[in-house]
Amino acid sequence: MSNEIWHAPEKLLDGFVADPGEIDSAAAASLEAHLLACDRCRGAVRARASESALEDSWHRVVAVIDTPRLSVVERVLIRLGVSESTARLLAGTPALSAAAAGSVAFVAAGFVASSRITESTGGFLVVAPLLPLLAVGAAFASVADPAGETAVPTPLQGVGLVLRRAAVILTAVFVILGAANLAIGGAGRAGRRMVAPGVGAPRWRAGARYVVPG
Amino acid sequence: MRVQTDAQLLSAISEGDRDALRTLHDRHAAWVTLRLRRRCSNSDVVADAVQDTFVAVWKSAARWDGRGEPAAWIWGIAIRRLIGALRSRDRWNRDRLTDVVPESDVITTAEDQVLLGIEHGDLAGALGQLSPELLAVVQATVLDGLTTREAAKLLGIPAGTVKTRMMRARTQMRGALA
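No experiment lies behind these values; they were computed from the predicted model shown.

### Things to note about the packing of aromatic side chains
All names here are of chain B.
Move 1: Here the structure, examined in full by the defined rule, presents one aromatic pair over all chains.
Move 2: For the ring pair Trp31 and Trp75, a centre distance of 6.3 Å and an interplane angle of 35° mean the geometry is tilted. In this pair, Trp31 sits in helix α2 (residues 18–37) while Trp75 sits in helix α4 (residues 70–89), placing the two residues 44 residues apart along the sequence. Residue Trp31 shares its accessibility class with Trp75, and that shared class is buried.
Move 3: Over the face of the ring belonging to Trp75 we find Arg35, whose NZ or CZ atom lies 3.9 Å from the ring centre.

### Description of the layout of surface pockets
Move 1: There is about 440 Å³ of room inside the second largest pocket.
Move 2: As for the second largest pocket, its lining consists of 22 residues, of which Ala53 and Leu54 of chain A together with Ala30, Thr33 and Leu34 of chain B are closest to the centre.
Move 3: Where the lining of the second largest pocket is concerned, the elements lending two or more residues are α4 (51–65) of chain A together with α2 and α3 (43–60) of chain B.
Move 4: The residue inventory of the lining of the second largest pocket, partitioned by class, reads twelve nonpolar, five polar and five charged.

### Quick look at the interface of chain A and chain B
Move 1: Contact residues are listed per partner, giving 32 residues for chain A and 38 residues for chain B.
Move 2: Summing both sides of the interface, chain A and chain B together bury roughly 3100 Å²; the carbon and sulfur share of this comes to 62%.
Move 3: Counting the surface chain A buries against chain B, the share from its top three residues, Leu36, Trp58 and Arg60 of chain A, is 24%.
Move 4: Across the contact surface, chain A and chain B share eight salt bridges.
Move 5: As a salt-bridge pair, Arg39 of chain B and Glu32 of chain A come within 2.7 Å of each other at their nearest N and O atoms.
Move 6: Inspection of the chain A/chain B interface yields ten residue pairs in polar contact (both at pLDDT 80 or more).
Move 7: Counting only elements with at least two residues in the side of chain A that touches chain B, the list comes to α1 (10–17), α2 (25–37), α3 (39–48) and α4 of chain A.

### Topic: the nonpolar core
Move 1: Within the largest apolar cluster, 73 residues are counted, with the highest numbers of intra-cluster contacts made by Leu36 and Leu82 of chain B.
Move 2: Not counting the four nearest positions on each side in its chain, Leu82 of chain B is found in contact with Leu36, Arg39, Cys40, Val45, Ala49 and Leu154 of chain B.

### Thoughts on a nonpolar patch on the surface
Move 1: A cluster of nonpolar side chains, contributed by Val72, Val76 and Leu80 of chain A, occupies part of the molecular surface with about 310 Å² of accessible area.
Move 2: Here Leu80 of chain A shows up in the loop between α5 (72–79) and α6 (84–91).

Conventions and cut-offs
- All residue numbers here refer to positions counted from 1 along the written sequence of the relevant chain.
- Lettering for chains starts from A, numbering for ligands starts from 1, and both go in the order in which the items are written.
- Since the coordinates come from a predicted model, pLDDT governs what is reported: local features require at least 70, and pairs of side-chain atoms require 80 or more to be given and counted, while whole-chain, interface and lining totals use all residues.
- Here the side-chain values reflect all heavy atoms present in the structure, with hydrogen atoms and water set aside.
- Only the six-membered ring of Trp is used, alongside the rings of Phe and Tyr, when aromatic pairs are assigned; centres must lie within 6.5 Å, and planes under 30 degrees apart are stacked while those over 60 apart are edge-to-face, with the rest tilted.
- Runs of E in the DSSP output that reach at least two residues are strands. Runs of H or I that reach at least four are helices, and both are numbered from the N terminus.
- Categorising residues by exposure relies on relative accessible area from a 1.4 Å probe, with only protein chains included: less than 20% of the type maximum marks a residue as buried, more than 50% marks it as exposed, and the intermediate range marks it as partly exposed.
- For a ring to carry a charge above it, either NZ of a lysine or CZ of an arginine must fall within 6 Å of the ring centroid while also lying within 35 degrees of the normal to the ring plane.
- Within this scheme a cavity is a closed region of a 1 Å grid, computed over the protein atoms alone, that accommodates a 1.4 Å probe without allowing it to escape, whereas a pocket is open but has protein on both sides within 12 Å along at least five of seven lines; lining residues each have an atom within 4 Å of a point.
- Grid points are joined across faces, edges and corners, and a volume is the space filled by probe spheres set on the points.
- In this classification, Asp, Glu, Lys and Arg are treated as charged, Ala, Val, Leu, Ile, Met, Phe, Trp, Tyr, Cys and Pro as nonpolar, and every other residue, Gly included, as polar.
- Contacts between residues were defined by any pair of non-hydrogen atoms, one from each residue, lying within 4.5 Å.
- The term buried area refers to how much accessible surface (probe radius 1.4 Å) is lost by two components on association, counted for both of them together.
- Any Lys or Arg side-chain nitrogen located within 4 Å of an Asp or Glu carboxyl oxygen qualifies as a salt bridge.
- The definition of a polar contact used here is a pair of N or O atoms within 3.5 Å, where within protein one atom must be able to donate a hydrogen and the other to accept one, and adjacent residues in sequence count solely through side-chain atom pairs.
- Nine residue types can take part in a nonpolar core, namely buried Ala, Val, Leu, Ile, Met, Phe, Trp, Tyr and Cys, and a core is a set of them joined through side-chain atoms within 4.5 Å.
- In this scheme, patches are assembled from residues that exceed 30% relative accessible area and form no salt bridge. Like charges are connected within 9 Å, while nonpolar side chains (Val, Leu, Ile, Met, Phe, Trp, Tyr) are connected within 5 Å.
- Per-residue accessibility takes into account occlusion by the displayed protein chains alone, with areas from the Shrake-Rupley method and a 1.4 Å probe.

Listed below in structure tokens is the structure:
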């Protein structure tokens, strides 16, 4: 093939690298076709390119390929309609979820124990809904929150973050309480009531109901 | 150090070798960028397309069938990514084709082969007589190897128009080269 003997002249390469338009269409097309097949001329073009532009270009590629793949939790959350950034936020704090789940489990265990011992769940029910939310609040202490430092300067911090985390913890509460309800059998109705304040039922009402008959 | 061929780099990339991708990028990003710049005057769009191209190479290096020039394969991705980048930017963005033209290598039909298997000098003269609109179509379909539909997307014109312009370009060039 002619490529073995022909290589693009310096002047043509210079014109090609300079702002488009310096060489005519036919010459450019001819060079472009040659470049597909000629390592040496590609190298010559490369040698004329700006190092910093190539570096920028590479960093842009790296930025994309280094973006971690979505975890299973994130994908499930996104499937459920959670926005991508929120899913990342929730899945990105595994230590936090473990702590939250632990505290909720503790509360549920206390609920089961107190209902077994006292035959009445009233007093406990008043306090119980507050405990998971206490955990949410505690999650803001910098000691407890591994993501705290990064959360502070973000636009998500504050009420929005509290609500998102509360939603996660309440979801966990539902699962654990469901199991707890099965464990205590007859007190199941009370167990459901316990959750009521957490999903928006006025607390005074929940409190009044449980405390008075207790 | 032993120099790896592009084909070897691609097979290393398909196994997740980032250094191989870096080397491939270093070899090819410059000319791909310049060639795309001749088809789109907006350097941001071109930068997006180049980025997408090498990300696509990273993800689908395993799909390279091992035949032909890796450079041609990369270019095939790049020109389509440019179309994608143009479309996602702005469907009615007018800063697309700035320049044009055909030549050998990516030719598909026998007719194109006849049309373009000619000395560069004559070809340049024949191409020079084409209107910018016809040149753009010849470049997209013949040199860049795009389908009629892809060329239509790149140029922002209906596919039917691409076909009629290509026909007119052939007729005109045959006349000029006869």
